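Survey of secondary and tertiary structure
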Amino acid sequence: MERSESGTRDDRTVHAAIDQSVEERDQSFMGVALAEGRRGLARTSPNPAVGAVLVRDGRIVGRGQTQPPGGPHAEIVALREAGEAARGATLYVTLEPCAHHGRTPPCVDALVAAGVAEVRVALVDPFPQVAGRGIVRLRAAGILVAVGLGATEASELHEGFFTRLATGRPHVTAKWAMTLDGRIATRTGRARWVTSPSARREVHRLRDRIDGIVVGVGTVLADDPLLTTRLPDEDVGVGGPHHPLRIVLDGAGRTPPDARLLRPDTPGRTVIACTAAAPEACRAAWRAGGAEVLVVAGDGPRVDLRHLLADLGRRGLNTLLVEGGGEILASCFAAGLVDRALVFVAPKLIGGRTAPGPLGGLGAATMNGAYRLRDVVVRHFDDDLLIQGEIDRGGAAADEADGPIAAAPATGAIFHQRTKSTIGREESLSDGRILPSTQGGDHVHRDC
């Protein structure tokens, strides 16, 4: 019997609905994997904060995030939770499973042994010892592998890891809070508080998922900050609050030994980055207070930021938050070291010719020399605004007086083309291999 044209259309509608439901299911499960990964941010470095979910018969049977270095990866945590239910299951994972021996055995071996049937990978791992090899081995074992589901979101999750592989330094976010007229403090230097409690709580959420935080000695002298993470339990990641490594830039040795961030009861660790110009007596006092002293090359008493960030990259820091002051921020921008700007704007007007702004330095001579942001996102925290954007490396024209803005290598996008696809769009690679060139050299490592 011949099928009617309307019957054929009905079949197509049914198949489209089924495809849509499958796509939505995959979106949902990869979303859970991404959420698992975010809970591990700043707790896994130098490794990426991978999230994984095992699904069987439409039900999550195991989930996990990568543990601190030396601990199991996300896939292994999910397999242990799933047990025998992993056989025939589908794995959703934010980064390609590893295929090499480090501190832990290859994850691909465990997935094959557990009988996992399918793997949905958000991104190929650019780490040279993986770089598609995990996908190749999974497919060789008869496991169905698809790549690209949630690629955009996973690129954001793993941006610090990708930046360090590409450049040898952490991914850098410049953060400041200012009034509507562009002041970060009053003419007398008072800055508490520019923004609302809800905006300041967001800053602590950021600290909870960042590896290190940088301030200049001027900020230490003016504010005597703790630079710790203070959040309620519901806002913190895995294992309680994470306190980022505090890095104070103090080329000449002005940090007082009784600063709050040097007190023994202040949680977390402090590094004071100085130059040879800092007196040995100052260095000894800092060490006595529990700080690590890092002598960095510099131009006179000024710490060379490129050398410092390269050192932090070698230490395995994936992400860095620069909180100021204005001269430090300006130097980071001028050196092409800033990847993202995160600016809180409060609806207040301070005025005053001498009230400081967020960026010091010489500044641009014309608007053509301004730093531009792309992918701008605006959020509200009570009456305050948070404006966030990526630094546009190629969009700025040369300043007529100052010349071109210093460029820096691109970050994770050099490994993974960021298209319009988001969760739900997949691409299956023919052989799973992507072998990127890395610019990090000896800085590239993943402590597996």
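Everything here concerns the structure above.
Per-chain numbering applies: the sequence of each chain, read as written, is numbered from 1 onward. Restriction of local features to residues with pLDDT of at least 70 applies here, the model being predicted, together with a cutoff of 80 or more for giving and counting side-chain atom pairs; totals for whole chains, interfaces and linings are based on all residues. To obtain the side-chain values, all non-hydrogen atoms of the structure were included, while hydrogens and water were left out.

1. Quick look at the overall build of the protein
Test applied: What counts as a helix is a DSSP run of H or I of at least four residues, what counts as a strand is a run of E of at least two, and both are numbered from the N terminus. Relative accessibility decides the category of a residue: with a 1.4 Å probe and only protein chains considered, values under 20% of the type maximum give buried, values over 50% give exposed, and everything between is partly exposed. Contacts between residues were defined by any pair of non-hydrogen atoms, one from each residue, lying within 4.5 Å. Each accessible area value is a Shrake-Rupley result obtained with a 1.4 Å probe; residue values ignore everything except the protein chains displayed when judging cover.
When helices and strands are tallied, the protein shows 11 helices and 16 strands. A burial count over the protein gives 49% of its 448 residues as buried. Look at the contacts in the protein between residues 6 or more apart in sequence, and 75% of them connect residues 24 or more apart. Summed over all atoms, the accessible surface of the protein reaches about 20,500 Å², with 51% contributed by carbon and sulfur.

2. Topic: unusual backbone geometry
In the segment running from Ser 45 into Pro 46, the intervening peptide bond is cis, with an omega of 15°. A cis amide bond links Gly 324 with the next residue in sequence, Gly 325, at an omega value of 10°. The residue Asp 224 is not glycine, and still its phi comes out positive at about 45°. Mapping Asp 224 onto the fold places it in the loop between helix 8 (217-223) and strand 8 (245-249).

3. Digging into the nonpolar core
What tends to happen in soluble globular proteins is that the nonpolar side chains get buried as a cluster. Rule in force here: Remark: nonpolar core denotes a set of buried residues (Ala, Val, Leu, Ile, Met, Phe, Trp, Tyr, Cys) joined through side-chain atoms within 4.5 Å.
If you look at the biggest cluster of nonpolar residues, it comprises 49 residues, and the most contacted ones within it are Leu 54, Leu 79, Leu 91, Val 116, Val 119 and Val 145. At 5 residues, helix 2 (residues 74-82) tops the list of elements feeding residues into this core. Within the second largest apolar cluster, 31 residues are counted, among which are Ala 273, Leu 320, Val 338 and Val 345.

4. Some remarks on the layout of surface pockets
Gaps left between atoms show up when a probe the size of a water molecule is rolled over them. Our working rule: Lining residues are defined by having an atom within 4 Å of a point belonging to a cavity or pocket. Those points lie on a 1 Å grid over the protein atoms alone, cavities being sets where a 1.4 Å probe fits but cannot get out and pockets being open sets with protein on both sides within 12 Å along at least five of seven lines. Grid points are joined across faces, edges and corners, and a volume is the space filled by probe spheres set on the points. Three classes are used, and their members are as follows: Ala, Val, Leu, Ile, Met, Phe, Trp, Tyr, Cys and Pro are nonpolar, Asp, Glu, Lys and Arg are charged, and the others, Gly among them, are polar.
Of the voids in this model, the second largest pocket is the one considered here, and its volume is about 820 Å³. In terms of lining, the second largest pocket is formed by 35 residues, of which the most central are Glu 156, Glu 159, Arg 209, Arg 340 and Gln 388. Contributing elements (two or more residues each) for the lining of the second largest pocket: helix 5 (151-157), helix 6 (159-167), strand 6 (171-179), helix 7 (197-208), strand 13 (319-324), strand 14 (340-346), strand 15 (373-381) and strand 16 (384-391). Class assignment for the residues of the lining of the second largest pocket results in 13 nonpolar, 10 polar and 12 charged.

5. A closer look at the pairing of strand 4 (residues 118-121)
Side chains on a regular strand alternate between the two faces of the sheet. Definition in use: In this analysis, strands are considered paired if DSSP registers two or more bridges between them.
In this sheet, strand 4 lies alongside strand 3 (residues 90-93) in parallel orientation, the contact comprising 4 bridges. Each bridged residue has a counterpart across the sheet, and for Tyr 92 the counterpart in strand 4 is Arg 120. Summarising the sheet, strand 4 and strand 5 (residues 144-147) pair through 4 bridges and their orientation is parallel. Residue pairing in the sheet places Arg 120 in a bridge with Ala 146 of strand 5.

6. Thoughts on the sheet that holds strand 2 (residues 59-65)
Defined as follows: Note on geometry: axes are lines fitted to C-alpha atoms, helical ones only across the stretch in contact, with angles between N-to-C directions running from 0 to 180 degrees.
Read from one edge of the open sheet, 5 strands run 2-1-3-4-5, paired in mixed fashion. For this open sheet the edge positions go to strand 2 and strand 5, each flanked by a neighbour on one side alone. Going across the sheet, the axis of each strand differs from the next one's by a mean of 15°, ignoring polarity. Bridging between strand 1 (residues 51-56) and strand 2 involves 6 bridges; their strand directions are antiparallel. Paired with Ala 52 across the strands is Gly 64, a residue of strand 2.

7. What about the pairing of strand 1?
Along strand 1, 5 of the 6 residues are buried, which leaves the element largely enclosed by surrounding structure. Taken together, the 4 bridges between strand 1 and strand 3 define a ladder with antiparallel strand orientation. When the bridges of strand 3 are listed, Ala 52 appears paired with Val 93.

8. Overview of the sheet that holds strand 15
Pairing is mixed in the open sheet, where 9 strands are placed in the order 10-9-8-7-13-6-14-16-15. The open sheet is flanked by strand 10 (292-295) and strand 15, the only strands paired with a single partner. Averaged over neighbouring strand pairs, the angle between their axes works out to 20° when direction is ignored. In this sheet, strand 8 lies alongside strand 7 (residues 212-216) in parallel orientation, the contact comprising 5 bridges. Residue pairing across strands places Ile 213 opposite Arg 246, the latter belonging to strand 8. Here helix 10 (residues 305-314) sits on the sheet and contacts strand 6, strand 8, strand 9 (270-274), strand 10 and strand 13; the angle it forms with strand 8, its principal contact strand, is near 160°.

9. Describing the side chain of Thr 66
To be explicit about the condition: Here a polar contact is recorded for every N or O atom pair within 3.5 Å, except that within protein the pair must consist of a potential hydrogen donor and a potential acceptor, and residues adjacent in sequence are included only if both atoms are side-chain atoms.
Note that Thr 66 resides in the loop between strand 2 and helix 2. Relative accessible area serves as the criterion here: at 5%, Thr 66 is assigned to the buried category. At 3.2 Å, the side chain of Thr 66 and the backbone nitrogen of Ala 74 are in polar contact. Aside from chain neighbours lying at most four places away, what touches Thr 66 is Thr 44, Pro 48, Val 50, Pro 72, His 73 and Ala 74.

10. Let's talk about the environment of Gly 160
Assignment of secondary structure puts Gly 160 in helix 6. Measuring from C-alpha to C-alpha, the distance between Gly 160 and Leu 317 comes to 8.3 Å, with 157 residues separating the pair along the chain. The residues contacting Gly 160, other than those within four sequence positions of it, are His 171, Asn 318 and Thr 319.

11. Description of the packing of helix 2 against helix 3 (residues 107-114)
Formally: To sort the angles, those under 35 degrees are grouped as roughly parallel, those over 145 as roughly antiparallel, those from 65 to 115 as roughly perpendicular, and the leftovers as oblique. We call a crossing left-handed when the near helix sits turned anticlockwise from the far one by less than a right angle, and right-handed when that turn is clockwise.
Across the interface, helix 2 lies against helix 3 with an axial gap of 9 Å and an inter-helix angle of 25°. Between helix 2 and helix 3, the crossing angle belongs to the class labelled roughly parallel. Relative to helix 3, the crossing made by helix 2 is left-handed. Of the residues in helix 3, those in contact with Glu 75, Ile 76 and Leu 79 of helix 2 are Cys 107, Ala 110, Leu 111 and Ala 114.

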